[in-house]
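Below, each chain spelled out in residue letters.
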Amino acid sequence: MPTRFLLLDADYTLLDFPADMTQSFQLMYGAQFASQRPYSPALLECYDACNNRAWDRFEQGVCTKQELYLSRFVEFLEETGLSGDPEAVNNAYFDAMAQTGTPYPGAVELVRDLARDFQLYIITNGNVVSQGPRLEHAGLLPYFQAVFVSEAVGVGKPHKAYFDYVAAHIAGFDPQRAAVIGDSPSSDIQGAVNAGLRSIWYDPPGAWTNSRTPPPCTWRAQSYEDIRELVKHV
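The shown structure was predicted, so the numbers you read here are calculated from the model rather than taken from an experiment.

Here is what the cut-offs are and how they apply
Residues numbered from 1 in each chain as written. Predicted model: local features only at pLDDT ≥ 70, side-chain atom pairs only at ≥ 80, totals over all residues. Heavy atoms only, no water. Salt bridge = Lys/Arg side-chain N within 4 Å of Asp/Glu carboxyl O. Helix = DSSP H or I, 4+ residues; strand = E, 2+ residues; numbered from the N terminus. Buried < 20%, exposed > 50% of the residue type's maximum accessible area, 1.4 Å probe, protein only. Phe/Tyr/Trp six-rings, centres within 6.5 Å; stacked < 30°, edge-to-face > 60°. 1 Å grid on protein atoms, 1.4 Å probe; cavity = no way out; pocket = protein on both sides within 12 Å on 5 of 7 lines; lining within 4 Å. Points joined across faces, edges and corners; volume = space filled by probe spheres on them. Pairing = 2+ DSSP bridges. Axes fitted to C-alpha atoms, helices over the stretch in contact; angles between N-to-C directions.

> Sorry if this is basic, but what is going on with the pattern of salt bridges here?
It is possible for side chains of opposite charge to pair when their charged atoms get near one another. With the rule as written, the count across this model stands at 14 salt bridges. The closest approach of N and O atoms between Lys 157 and Asp 9, which form a salt bridge, is 2.9 Å. Taken as a pair, Lys 157 in the loop between α7 (150-153) and α8 (160-168) and Asp 9 in the loop between β1 (5-8) and α1 (17-32) lie far apart in primary sequence, 148 residues in all. Of the two residues, Lys 157 and Asp 9, both sit in the buried class. Bridged by salt links that share partners, the residues Arg 112, Asp 113, Arg 116, Glu 225 and Arg 228 form one connected network.

Put into structure tokens, the structure is as follows:
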């Protein structure tokens, strides 16, 4: 049977998270820390490393989403020597993130084209405060039937329980007629494996995933045009 349901990741697949993170961090830093130390790119690099380690812990199931949020800023404050309340800093960061929403070139056109033939759903480990506004600002939101944010679900990708929740909340969902599209081997593609779903690994040249071990995906796409071609035959 032809595919009917496409479950698409947001960050690094459709949304330019590095661009949004940089803008959000700079806004947050100006409000929270500018009086202590002038901003520098090294501070963003430090935060990015702390953030990546926290996300790795979350995807491995060794911390909750709230622990992820706070631990990254606890580590950031420890490593930089800056003073602040991690919870207040995190809230300020999310408020700033909600003002962003940068789509990758061609992302809006891609989902517009896909929406003509498929039901589209966002599957994201982002946060409730900012993910919806970012998708809206990017011009992507109108093309999706629903947005499933792991924070609202109570469990995230790659856990099977997350995908079970998604399946239960899509009318008429048939796993044999569904496919996951995303960039992360450990989150999107492993999640598809856990849920018994087919997958398209979006791995464009120069992506952070290029150095990762190729995941057990069904198909691999290196461009949006690849995705357009692949979905014709899934």
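> Would you mind going over the packing of aromatic side chains with me for this structure?
Working definition: an aromatic ring pair is given by the centre-to-centre distance plus the angle between the planes. In this structure the tally under the stated criterion is 20 aromatic pairs. Ring centres of Tyr 47 and Phe 76 lie 6.4 Å apart, and the angle between their planes is 85°; on these two criteria the pair is classed as edge-to-face. Of the two residues, Tyr 47 sits in helix α2 (residues 41-59) while Phe 76 sits in helix α3 (residues 65-80), which places them 29 residues apart along the sequence. With a relative accessible area of 0%, Phe 76 lands in the buried category.

> Honestly, the layout of surface pockets in this entry has me stumped. Any pointers?
To find leftover empty space, a probe the size of one water molecule is rolled over the atoms. In this structure, the largest pocket occupies an estimated 650 Å³ of space. The set of elements that each furnish at least two residues to the lining of the largest pocket consists of α1, α2, α3, α4 (86-97), α6 (128-137) and α9 (185-195). By residue number, the principal contributor to the lining of the largest pocket is α2, which donates six residues.

> How should the sheet that holds strand β5 (residues 198-202) be read in this particular structure?
As summarised here, the arrangement of the six strands in space is β3-β2-β1-β4-β5-β6, forming an open sheet in which the pairing is parallel. Taken across any chain shown, the strands that pair with only one partner, and hence form the sheet edges, are β3 (146-149) and β6 (219-221). Across this sheet, the average inter-strand angle for adjacent strands is 25°, counted without regard to direction. The pairing of strand β2 (residues 119-124) with β3 spans four bridges and is parallel. Following the sheet pairing, Ile 123 is matched in β3 by Phe 148.

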